[in-house]
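Report on the structure
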Amino acid sequence: MATKVAAGISDLAAIDPADYRYFTEQTWPALFARLRAEDPVHYCTEGMFAPYWSVTRYKDIVHVEALPDIYSSSWEYGGITVLDALDQELKFPMFIAMDRPQHTAERRVVAPAFTPSEMQRLAGPIRARTAALLDGLPVGETFDWVDRVSIELTTQMLAILFDFPWEDRRLLTKWSDWAGDVQAAADPAMREERTRILYEMGAYFHGLWQARLNAPPAPDLLSMMIHSEALSKMDEQEFIGNLVLLIVGGNDTTRNSMTGLVRTMHEFPGEWEKLKVDRSLIPNAVSELIRWQTPLAHMRRTAKEDTELGGKIIRKGDKVVMWYISANRDTEVFEDPDRVDFARENARRHLSFGYGIHRCVGARLAELQLSILIEEMLARGMDVEAVAPPVRVPSPFINGYKEQMVRITKG
Ligand code: HEM
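All values reported here derive from a predicted model rather than from experimental measurement. (Residues numbered from 1 in each chain as written. Predicted model: local features only at pLDDT ≥ 70, side-chain atom pairs only at ≥ 80, totals over all residues. Heavy atoms only, no water.)

1. Let's talk about the coordination of the iron atom of the ligand
In this structure the iron atom of the ligand is ligated by exactly one protein donor, C360 (SG), at 2.3 Å. Structurally, C360 is set in the loop between α15 (324-327) and α16 (363-379). (Donors = N, O, S within 2.8 Å, 3.2 Å for Na, K, Ca; no water. Helix = DSSP H or I, 4+ residues; strand = E, 2+ residues; numbered from the N terminus.)

Here's what the structure looks like:
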């Protein structure tokens, strides 16, 4: 049982941090605190994803991320999550799961869509949509923040970025939920359904690609990718794979940060009050929110050669899981890390976006959307009260929420 282990089973090897119950039961802070103190590079031999290494200290994760030629992200070696991609039938080629030099070339195609000037271009429509959504929320009634705000605003943001057919935007949520569901992928009873849905997504993107191919260039990301020079080097599968990456990468992550915001309002109400009196704290508050939430609990690498990490020998082919959620609570870097402090001076050092060559390419967009949400809520004098405990996603990868019932008490 996850809870028992967190409470302190003496056999360290029996600790399996990828047991999703640590996340649904919220026992992971104690578990990772123990691992950081007693066994920071931990080998797990039991559980549905074993065997694998868990790296739990901030500095060790930075070390792994800084050596991408030793620690591979490639599907070829097992991919980017604790779930082994080698066992999965369907793998879209995408640059998050590629090593250099191919990674560099493909990342270069999408990076221009996330420059500060592009963010300025997107800020107008994102703000307008956010404002309209907030204005339509019921005051004094109970509703699900995940569905009405977090999912809706995130799918709208992605639809704006890609100029994705507006009426179909909720498909993005469905696809991204299934794509990120490592439990379903590891479960033979659900795997077939997951594969069917991911094929459906691939077919839809294929249709979109075909439709846009002959259209004149436009400023949206899809058009930018289609008309980029590098595309001539990318086959259709790779193109679709990278589209899937951008949509999945931006979806659960941003969405769960928005619900995390309501959790911070509930658990640390004084922090929202700080923002009311000092709006200049908003950019830092966004970083602190993303640190505290850590929407992706981990990313995984595979050792391409024998190497040493924190005094342990990692063998070629070993699976190495970097627990960002633990690094973000490492007391060597963050003082009183379980607390949310919107004025925390080093909030930006969080590892929620990763580090190094794979650091999140969409980070600025996520920060923009979250800043706009906070600004527009403050502009309306909105207070949001969580009226029930959240329903959490049962996953060791997506650290998020299925439901959070709330009531707006002012607005
Ligand atoms: C990569 C987190 C939002 C697109 C990543 C990585 C993490 C991450 C942990 C992998 C880093 C690594 O392997 O070292 C997040 C979080 C977000 C967020 C916490 C929101 C709070 C977005 C958005 C988009 C996006 C909005 C795009 C619309 C990507 C892409 C990559 C990536 C394309 C691959 C980068 C590469 O391999 O070079 N993200 N992400 N992400 N993210 Fe995000």
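Still to come is the rest of the account.
2. So, the sheet that holds strand β8 (residues 319-323)
Across a sheet, strands are paired by hydrogen bonds formed along the backbone, either parallel or antiparallel in direction. The sheet built from 5 strands is open, its strands ordered β1-β2-β8-β5-β3 with mixed pairing. Each end of this open sheet is capped by a strand with a single partner; those strands are β1 (41-44) and β3 (71-72). Bridge count between strand β5 (residues 298-303) and β8: 5 bridges; the pairing is antiparallel. Looking at β8, one finds that T302 is bridged to K319. (Pairing = 2+ DSSP bridges.)

3. Describing the packing of aromatic side chains
This model, assessed by the stated rule, comprises 12 aromatic pairs. Members of the aromatic cluster, connected to one another through ring pairs, are F164, W175, Y204 and F205. Sitting over the face of the ring of F143, R148 holds its NZ or CZ atom 5.5 Å from the ring centroid. (Phe/Tyr/Trp six-rings, centres within 6.5 Å; stacked < 30°, edge-to-face > 60°. Lys NZ or Arg CZ within 6 Å of the ring centre and 35° of its normal.)

4. Some points on the packing of helix α12 (residues 236-267) against helix α14 (residues 282-293)
A packed helix pair is summarised by two numbers, namely the angle formed by the two axes and the spacing between the axes. Contact pair α12 / α14: the axes reach a minimum separation of 9 Å and the direction vectors enclose 95 degrees. Between α12 and α14, the crossing angle belongs to the class labelled roughly perpendicular. Seen from α12, the contacting residues are N256, S257, G260, L261, R263, T264 and E267; seen from α14, they are L289, I290, W292 and Q293. Looking at the contact of α12 with α14, its residues break down into 4 nonpolar, 5 polar and 2 charged. (Axes fitted to C-alpha atoms, helices over the stretch in contact; angles between N-to-C directions. Parallel < 35°, antiparallel > 145°, perpendicular 65-115°, else oblique. Contact = heavy atoms within 4.5 Å. Nonpolar A, V, L, I, M, F, W, Y, C, P; charged D, E, K, R; others polar.)

5. Quick word on the site of the ligand
What surrounds the ligand is a group of 31 residues, the closest being E65, H103, R107, H358 and C360. In the model, an oxygen atom of the ligand is placed 2.6 Å from a nitrogen or oxygen of the H358 side chain. Those elements that place two or more of their residues in the shell around the ligand are α5 (102-110), α7 (145-162), α12 and β5. With 7 residues, the top contributor of residues to the shell around the ligand is α12. Across the shell around the ligand, the residue classes tally to 18 nonpolar, 10 polar and 3 charged. (Near = heavy atom within 4 Å. Polar contact = N/O pair within 3.5 Å; in protein donor to acceptor, adjacent residues only side chain to side chain.)

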